[in-house]
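Here is what each chain is made of, one letter per residue.
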Amino acid sequence: MTESRYSRQILFPGIGAEGQQRIRQARVAVIGCGALGSVSCEMLTRAGLGRLLIFDRDFVESTNLQRQTLFDERDAAAALPKAIAARRRLERINSEVQIDAQVVDLTAHNLPRLLKEAEIVVDASDNFEVRYLLNDWAFQQDTPWIYGACVASYGIAYAFQPGRTGCLQCLFPEPPGAGSLDTCDTAGIIAPVVHAVASFQVAQVLKLLAGEPVPPNLFHCDVWEGTWRCRRLEVEDRSRCRCCGLREFRFLKGSAGDRLVRLCGRDAVQISPAGAGGVDFGEIRERLARTAQIQANEFMLRIRVEGYEISLFPDGRSIIRGTDDPVRARSLYARYIGR
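Residues numbered from 1 in each chain as written. Predicted model: local features only at pLDDT ≥ 70, side-chain atom pairs only at ≥ 80, totals over all residues. Heavy atoms only, no water.

Buried residues dominate helix H12 (residues 326-336), accounting for ten of its eleven residues. Within the span of H12, buried status applies to Pro326, Arg328, Ala329, Arg330, Ser331, Leu332, Tyr333, Ala334, Arg335 and Tyr336. Put simply, Asp325 is the residue that caps the front of H12, since its side-chain oxygen is 3.0 Å from the backbone nitrogen of Val327. Two residues or fewer after H12 comes Gly338, characterised by a positive phi angle close to 115°. (Buried < 20%, exposed > 50% of the residue type's maximum accessible area, 1.4 Å probe, protein only. Helix = DSSP H or I, 4+ residues; strand = E, 2+ residues; numbered from the N terminus. Polar contact = N/O pair within 3.5 Å; in protein donor to acceptor, adjacent residues only side chain to side chain.)

Rendered as structure tokens:
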């Protein structure tokens, strides 16, 4: 390691020479390499991390370039997988960091194997299914993970620390219903909020690696309105939580995850979200009015977007036509329905 490269970081009292050495020896995983993931990966690489693990299932598109800072027009034209494009760019930024990038859709079956070497995990995913899986694994393995999400101009982040804080299920016992939350593809997003949330996430990672205490602060911001707030968020009684209290880890066992089925001969994939409850057709129609063609009756909402057709049913089940790839189908569902 070239000490002069990190001299300004070492001068910072919270890190110092000892903290920098810990950073240099650390292994951090980033789940998702879209907006939050690309910004977080770049900051961690520039900070001199020892090993960076990147997992992403998607490919670069021109609409990504406005906020996903690791990619350029050549990546979009070639439709490169984001993990691969990110690795190539990061290796040019800092050749001292070992970059392990995989094009993969995280599931209950492969997540424990893929994350087994991670000391800290940064959440930059686009759906709650992965977050609940990650939460189960992290609290089973006593591994901190840093939650982050942003849409439009609003962002939120929190450091979950097994043994010190509650977990995601303490706050939200069940995943939100399909279609109940806005996404970047329905409400838009501006780049400044991405950088704000990713900066908070990476700061928590560096503090943990440097051995500094990380308070249980929930970070909120709205960069358009100019509001910033941190409030202490603690769970007083975790004993009844199914994850960190009772240690059931039902999402990790695969008993609560979404079910995906290829529909043979139909170039389609059926997705049946776990715990979706019902969906509000009116709300979804309103959110997608500017981005998709929509037909509806009381039994089904038919959404045509990006050359695909998404048939959405009242219970959250969906048939996505135009692909037989479960990874692509899951990505479309997350982007337009909101899980």
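Let us now look at the packing of aromatic side chains. Evaluation of the coordinates by the stated rule reveals seven aromatic pairs. Taken together, a centroid distance of 6.3 Å and an interplanar angle of 80° make the contact between Trp145 and Tyr147 edge-to-face. Trp145 gets classed as buried once you look at its relative accessible area, which sits at 0%. Given the relative accessible area of 11%, Tyr147 is considered buried. Clustering of aromatic rings is evident, with ring pairs tying together Trp145, Tyr147, Tyr158 and Phe160. Geometry around Phe128 places Arg131 over its ring, the cationic atom sitting 4.8 Å from the centre. Between Arg317 and the ring centre of Phe313, over which it is positioned, the NZ or CZ distance is 4.0 Å. (Phe/Tyr/Trp six-rings, centres within 6.5 Å; stacked < 30°, edge-to-face > 60°. Lys NZ or Arg CZ within 6 Å of the ring centre and 35° of its normal.)

Throughout the structure, instances matching the rule amount to 22 salt bridges. Of the charged contacts, one joins Glu129 and Arg330 as a salt bridge, the two residues approaching to 2.6 Å between their closest N and O atoms. Of the two residues, Glu129 is situated in helix H7 (residues 128-141) and Arg330 in helix H12; the sequence distance between them amounts to 201 residues. Classification of Glu129 as buried rests on a relative accessible area of 10%. Overall, Arg330 belongs to the buried group, its relative accessible area being 11%. One network of salt bridges, with partners in common, ties together Asp58, Glu61, Glu306, Arg328 and Arg335. (Salt bridge = Lys/Arg side-chain N within 4 Å of Asp/Glu carboxyl O.)

Bringing the sheet that holds strand E7 (residues 217-222) into the picture now. The strand order E3-E2-E1-E4-E5-E6-E7-E8 describes an open sheet built from eight strands, whose pairing is mixed. The open sheet has two free edges, formed respectively by strand E3 (98-103) and strand E8 (227-232), since each of these has just one partner strand. On average, each strand axis in the sheet is inclined to that of its neighbour by 15°, with strand direction left out of account. The pairing of strand E2 (residues 51-56) with E3 spans six bridges and is classified as parallel. Paired with Phe55 across the strands is Gln102, a residue of E3. Relative to the sheet, H7 contacts strand E1 (27-31), strand E4 (120-123), strand E5 (145-151) and strand E6 (154-160), its axis offset from that of E5 by approximately 165°. (Pairing = 2+ DSSP bridges. Axes fitted to C-alpha atoms, helices over the stretch in contact; angles between N-to-C directions. Contact = heavy atoms within 4.5 Å.)

Topologically, Gly14 is positioned in the loop between helix H1 (7-11) and helix H2 (16-25). The sequence separation of Gly14 and Leu206 amounts to 192 residues, and the corresponding C-alpha distance is 9.1 Å. The residues contacting Gly14, other than those within four sequence positions of it, are Ala210 and Glu212.

It is the contact of helix H3 (residues 35-46) with helix H5 (residues 82-93), at a shortest axis distance of 10 Å, that shows an interaxial angle of 25°. Between H3 and H5, the angle falls in the class roughly parallel. Handedness of the H3/H5 crossing: right-handed. When H3 is examined against H5, the residues Cys41, Glu42, Thr45 and Arg46 are found in contact with a partner set consisting of Arg89, Leu90 and Ile93. Grouping the constituent residues of the contact of H3 with H5 by class yields three nonpolar, one polar and three charged. (Parallel < 35°, antiparallel > 145°, perpendicular 65-115°, else oblique. Left-handed = near helix turned anticlockwise from the far one by under 90°. Nonpolar A, V, L, I, M, F, W, Y, C, P; charged D, E, K, R; others polar.)

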